[in-house]
Amino acid sequence: MTTQNPSLTIGAVAKRVGVAIDTIRYYEREGLLPEPVRRASGYRSYDESAIAQLNFIRRAKLLGFTLEEIRDLLALSADRQRGVKAVKQRAQQRLAAIEMRIAELQRVRDGLEQLIDACPGHGAPEHCPILRALVDVEPLP
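Here is what the cut-offs are and how they apply
Residues numbered from 1 in each chain as written. Predicted model: local features only at pLDDT ≥ 70, side-chain atom pairs only at ≥ 80, totals over all residues. Heavy atoms only, no water. Salt bridge = Lys/Arg side-chain N within 4 Å of Asp/Glu carboxyl O. Buried < 20%, exposed > 50% of the residue type's maximum accessible area, 1.4 Å probe, protein only. Core = buried A, V, L, I, M, F, W, Y, C linked by side-chain atoms within 4.5 Å. Helix = DSSP H or I, 4+ residues; strand = E, 2+ residues; numbered from the N terminus. Axes fitted to C-alpha atoms, helices over the stretch in contact; angles between N-to-C directions. Parallel < 35°, antiparallel > 145°, perpendicular 65-115°, else oblique. Left-handed = near helix turned anticlockwise from the far one by under 90°. Contact = heavy atoms within 4.5 Å. Nonpolar A, V, L, I, M, F, W, Y, C, P; charged D, E, K, R; others polar.

Engineer: What am I meant to see in the pattern of salt bridges here?
Structural biologist: Enumeration according to the criterion identifies 8 salt bridges in this entry. Two residues, D110 and R109, come together in a salt bridge whose shortest N-O distance is 3.1 Å. Accessibility expressed as a relative area gives 33% for D110, which makes it partly exposed. Judged by relative accessible area, which is 47%, R109 ranks as partly exposed. Residues joined in a network through salt bridges with shared partners are E30, E68 and R71.

Engineer: What's the story with the nonpolar core in this structure? I'm lost.
Structural biologist: If you look at soluble globular proteins, the nonpolar side chains tend to sit buried side by side. Counting residues in each nonpolar core, the largest one holds 20 residues, and the members touching the most others are V13, I24, Y46, L54, I57 and I70. Counting only elements with at least two residues in this core, the list comes to α1 (10–17), α2 (21–29), α3 (48–62) and α4 (67–77). Tallying contributions element by element places α3 first for this core, with 5 residues.

Engineer: What's the story with the packing of α4 against helix α5 (residues 83–118) in this structure? I'm lost.
Structural biologist: When two helices pack together, their arrangement is given by the angle between the helix axes and the distance between those axes. The contact between α4 and α5 brings their axes to 9 Å, and the two run at 160 degrees. Regarding the angle of α4 to α5, the classification is roughly antiparallel. In this structure, α4 meets α5 at a crossing whose hand is left-handed. Residue-level contacts link E69, D72, L73 and L76 of α4 to G83, A86, V87, R90 and R94 of α5. Partitioning the contact of α4 with α5 into residue classes produces 4 nonpolar, 1 polar and 4 charged.

These figures capture arrangement, not role.
In structure tokens, the structure reads:
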């Protein structure tokens, strides 16, 4: 541990990073954070590196990376030989997955928009195109 604030409590770390205490414990169990040093009382003791690592995890999650992908990114960030190239490849893979998800959501939006436009908003439920689409076995538009 570093000598810079070597004895931060889990609550102080959680507050500084903006995550819940249970989130920190979860990341420790998942191996995303190293086990912290324990005080004589048994309480966890963190340093600034834990804050940096938690910020890394939080920002990676905001970019859409899964916890498994974040685990890989953390390992690659320490790899001086192939780290940057591999990180770029992981980011490109994540972007491709996001673009596929966006295309899927656009198809869903378009289908829902068509159903909404076709629905008069009044009348018998059996004539509602939205309700019919939800019970029909035919594919949606």
